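Take a look at the letters that make up each chain.
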Amino acid sequence: CGEWRGCEGDQRVVAETSRLCSAAGSIQGLRHLARRTISTASRRQFENKVPEKQKLFQEDNGIPVHLKGGIADALLYRATMILTVGGTAYAIYQLAVASFPKKQD
């Protein structure tokens with residue numbers, strides 16, 4: 001904001017001018033922040049691991065592709081299968097319970 005030149009005795013004008021200068025500074029700060037935050041440039045350069053992963057997953061070693069990621073994949077696979085089988089068994093149990101209603105006295 002430019003330097004204010006005017007009546008030095010009028011405090012109201014000085015306060016309003018300083019408020020406007022402060023607001024203009026805030027807007028400039030927001031513009032800078034928005035420009036910096038929405039930038040498409042990456043701050044950190046990451047190593048390209050795609051060729052390594054391609055080699056790992058394309059290797060013919062008899063392991064199914066959904067388990068080639070290591071122990072984490074094996075644990076996720078087993079947890080998914082346990083939940084699937086357990087959920088199916090529970091659904092069948094609930095269907096059996098619902099198909100034989102309780103006798104009313």
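Residues numbered from 1 in each chain as written. Predicted model: local features only at pLDDT ≥ 70, side-chain atom pairs only at ≥ 80, totals over all residues. Heavy atoms only, no water.

Per an unreviewed UniProt entry, the protein chain goes by Cytochrome c oxidase subunit 7A2, mitochondrial and derives from Equus caballus. A UniProt comment under Subcellular location (unreviewed entry) is attached to the protein chain, and it reads "Mitochondrion inner membrane". The heading Pathway (unreviewed entry) in the UniProt record of the protein chain holds the text "Energy metabolism; oxidative phosphorylation." (UniProt positions renumbered as here; feature names shortened; annotations may be inferred.)

**As for the overall build of the protein chain**
Counting its secondary structure elements, the protein chain contains three helices and zero strands. If you list the helices and strands of the protein chain from N to C, you get α-α-α. Expressed as a percentage of its 105 residues, the buried residues of the protein chain come to 2%. As presented, the protein chain carries roughly 10100 Å² of accessible surface, and 60% of it is formed by carbon and sulfur atoms. (Helix = DSSP H or I, 4+ residues; strand = E, 2+ residues; numbered from the N terminus. Buried < 20%, exposed > 50% of the residue type's maximum accessible area, 1.4 Å probe, protein only. Areas by Shrake-Rupley, 256 points an atom, 1.4 Å probe, with all protein chains shown as cover.)

**Considering a nonpolar patch on the surface**
Where nonpolar side chains cluster on the molecular surface, the patch consists of Leu56, Phe57 and Val65 and spans about 250 Å² of accessible area. With respect to the helices and strands, the residue Phe57 is situated in helix H2 (residues 50–58). (Patch = residues over 30% accessible without salt bridge, like charges linked within 9 Å, V, L, I, M, F, W, Y side chains within 5 Å. Salt bridge = Lys/Arg side-chain N within 4 Å of Asp/Glu carboxyl O.)

**Examining the side chain of Lys68**
One can find Lys68 in the loop between H2 and helix H3 (71–99). Although Lys68 lies buried, it forms no salt bridge, and the closest oppositely charged side chain, Asp60, sits 6.2 Å away as judged by the N-O distance. Within the local environment of Lys68, its side chain forms a polar contact with the backbone oxygen of Phe57, the two atoms lying 3.1 Å apart. In this structure, Lys68 is in contact with Leu56, Phe57, Gln58, Glu59, Asn61, Ile63 and Asp73, ignoring residues within four places of it in sequence. (Lys, Arg positive; Asp, Glu negative; His and termini not counted. Polar contact = N/O pair within 3.5 Å; in protein donor to acceptor, adjacent residues only side chain to side chain. Contact = heavy atoms within 4.5 Å.)

**Quick word on the confidence of the model for the protein chain**
In the predicted model, the protein chain carries a mean pLDDT of 80, and the fraction of residues at 70 or more is 65%. Across the protein chain, H3 holds the top mean pLDDT of 96, while helix H1 (residues 11–37) sits lowest at 65. (pLDDT = per-residue confidence, 0-100.)

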